[in-house]
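A structural walkthrough
Listed here are the chains, written in short residue letters.
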Amino acid sequence: MSLLSILVVLVHFSYAGFVVAGFILILLGGWRKWNWIRQPRFRWIHLACIGLVAVEAVAGLVCPLTLLENWLLVGAGGSGYDRSFIANLVYNLLYYDFPAWVFIIAYVTLAVLTAIIMILIPPYRRAKPPH
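Quick summary incoming for the structure in this document. Within any chain, residue numbers begin from 1 and follow the written order of that chain's sequence. The predicted nature of this model means local features are confined to residues of pLDDT at least 70 and side-chain atom pairs, given and counted, to a pLDDT of 80 or more, with totals for whole chains, interfaces and linings taken over all residues. Where side-chain values are given, they derive from all heavy atoms of the structure, hydrogens and water being excluded.

What to know about the overall build of the protein chain
Secondary structure follows DSSP: runs of H or I at least 4 residues long count as helices, runs of E at least 2 residues long count as strands, and numbering of each begins at the N terminus. Looking only at helices and strands, the protein chain has five helices and zero strands in total. From first element to last, N terminus to C terminus, the protein chain shows the α and β order α-α-α-α-α. Only protein chains enter the area calculation, which uses a 1.4 Å probe; residues under 20% of their type maximum are buried, those over 50% are exposed, and those in between are partly exposed. Within the protein chain, the proportion of its 131 residues that are buried is 31%. What makes two residues a contact is simply this: any of their non-hydrogen atoms within 4.5 Å. Within the protein chain, contacts between residues separated by at least 24 positions form 80% of all contacts whose residues are at least 6 apart in sequence. Here the protein chain displays about 8900 Å² of accessible surface, and carbon together with sulfur accounts for 73% of that area. Only the protein chains shown count as cover for residues, and all accessible areas are computed by the Shrake-Rupley method using a 1.4 Å probe.

Here is the structure:
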């Protein structure tokens, strides 16, 4: 078991959590009028994260974090399935046994919806500096 592979799984889980939780919080924040969800940096980073996932899915690419995790597990002499409890829990939350087209539709739909909420709940524009 590779400690680095566990770290990669946790980073992967955090990335996925940012995409999903960010989407939910943006919707909730738009409804509740939370100012922080309109921060341009947060919103553009969020859109870029889900956009990257959608492009990878449509292109048929394997996520680089998945490739790195498997490479680290094999490099540590593991089979790719020998994980600690926490690593296995995180792994089971991230990976499901569905056909690839289900993920492609889910990722692209979430990316499109995220782009739409950029319009419906726009980030604040930066104020122009005084002349």
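Focus on the side chain of arginine 43
By secondary structure assignment, the location of arginine 43 is in helix H2 (residues 40–59). Asp and Glu count as negative and Lys and Arg as positive, but His and the ends of the chain are not part of the count. What makes a salt bridge here is a side-chain nitrogen of Lys or Arg within 4 Å of a carboxyl oxygen of Asp or Glu, nothing more. We note that arginine 43 is buried and unpaired, the nearest opposite charge coming from glutamate 56 at a distance of 21 Å.

Points about unusual backbone geometry
Unlike most non-glycine residues, lysine 33 shows phi in positive territory, near 65°. As for its position among the elements, lysine 33 is in the loop between helix H1 (3–32) and H2. Overall, the relative accessible area of 67% leaves lysine 33 in the exposed class.

Thoughts on the nonpolar core
Residues Val19, Ile50 and Leu110 are the most contacted members of the largest nonpolar core, which totals 13 residues. Among the elements of the structure, H1, H2 and helix H5 (100–120) are those that each provide at least two residues to this core. The dominant element in this core, judged by the number of residues it contributes, is H2, at six residues. The nonpolar core is taken to be a set of buried Ala, Val, Leu, Ile, Met, Phe, Trp, Tyr and Cys residues, with the residues joined through side-chain atoms within 4.5 Å.

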